[in-house]
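# A structural walkthrough
The chain contents come next:
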Amino acid sequence: MISLLASLYHFFFSASHNIAINTRVNRIATIDGSEKIDGLVMKVEGGRARVCWNKGEKTQEDLRNLVTIVD
């Protein structure tokens, strides 16, 4: 339950302006998609990003749904 609330808070109140090309990201769980981990941003256009996930899967993601991985 706490992770759902954290995801909703992040979705509505966080800014994702720090996501750039070659940034490692995770996708938070949303109504239309499940959580994904360890993606690499290939391209950023406006409020959307092209992300490459494990096993070569590539998707278009809304920047609001992406969280930067910090090492």
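This is a predicted model, so every value here is computed, not measured. (Residues numbered from 1 in each chain as written. Predicted model: local features only at pLDDT ≥ 70, side-chain atom pairs only at ≥ 80, totals over all residues. Heavy atoms only, no water.)

### A word on the overall build of the protein
From N to C terminus, the protein includes 1 helix and 5 strands. Counting from the amino terminus, helix and strand elements in the protein follow one another as α-β-β-β-β-β. Buried residues in the protein amount to 28% of all 71 residues. Here the analysis covers contacts within the protein between residues at least 6 apart in sequence; of these, 33% occur between residues at least 24 apart. (Helix = DSSP H or I, 4+ residues; strand = E, 2+ residues; numbered from the N terminus. Buried < 20%, exposed > 50% of the residue type's maximum accessible area, 1.4 Å probe, protein only. Contact = heavy atoms within 4.5 Å.)

### Notes on the pattern of salt bridges
This structure, assessed with the given rule, holds 5 salt bridges. One salt bridge connects glutamate 45 with lysine 43, and the closest N-O pair in it is separated by 3.1 Å. Residue glutamate 45 is classed as exposed on the basis of its relative accessible area of 52%. Relative accessible area serves as the criterion here: at 44%, lysine 43 is assigned to the partly exposed category. (Salt bridge = Lys/Arg side-chain N within 4 Å of Asp/Glu carboxyl O.)

### As for unusual backbone geometry
Positive phi outside glycine occurs at asparagine 22, with the angle close to 70 degrees. Note on placement: asparagine 22 falls in the loop between helix 1 (2–13) and strand 1 (24–27). Here the phi dihedral of aspartate 38 falls at roughly 60 degrees; this positive angle occurs in a residue that is not glycine. Within the secondary structure, aspartate 38 sits in strand 2 (residues 36–45).

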